[in-house]
Amino acid sequence: MRKLQKLIAAERTNFSPYSSLSPKEISRIASKCRKDEVADAHILIKEFMAELATVPDWDGDTHDDIWRSIELFRAILQKVK
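Residues numbered from 1 in each chain as written. Predicted model: local features only at pLDDT ≥ 70, side-chain atom pairs only at ≥ 80, totals over all residues. Heavy atoms only, no water.

Enquirer: Would you take a moment to explain the pattern of salt bridges for this structure?
Expert: With the rule as written, the count across this model stands at 5 salt bridges. Between E11 and R28 there is a salt bridge, with its nearest N and O atoms 2.7 Å apart. Of the two residues, E11 sits in helix 1 (residues 3–11) while R28 sits in helix 2 (residues 23–32), which places them 17 residues apart along the sequence. According to the relative accessible area criterion, E11 is buried, its value standing at 9%. Assessed through its relative accessible area of 34%, R28 is described here as partly exposed. Two residues, D65 and R68, come together in a salt bridge whose shortest N-O distance is 2.6 Å. Of this pair, D65 and R68 both sit in helix 4 (residues 60–79), 3 residues apart, which is roughly one turn of that helix. When its relative accessible area of 39% is taken as the criterion, D65 is described as partly exposed. (Salt bridge = Lys/Arg side-chain N within 4 Å of Asp/Glu carboxyl O. Helix = DSSP H or I, 4+ residues; strand = E, 2+ residues; numbered from the N terminus. Buried < 20%, exposed > 50% of the residue type's maximum accessible area, 1.4 Å probe, protein only.)

Note that every value here comes from positions in space, so none of it alone points to a role or purpose.
Written as structure tokens, this is what we have:
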């Protein structure tokens, strides 16, 4: 498991597929990110964008899941100092 994924997993208290992290949890993750985690977040966003292009239009649930992941990584990157 990637370190960034471990940081996210450590903050998750609710494992519902529709749960999201609070701004406070995102800030804690971002505070622990170093350059490797920042680079990993950028790579993951690009991978998710590529995956999004392969998902059929009728599969809205998968589109939503991918976008949720992209938005999480973007939110983390915005908080990194």
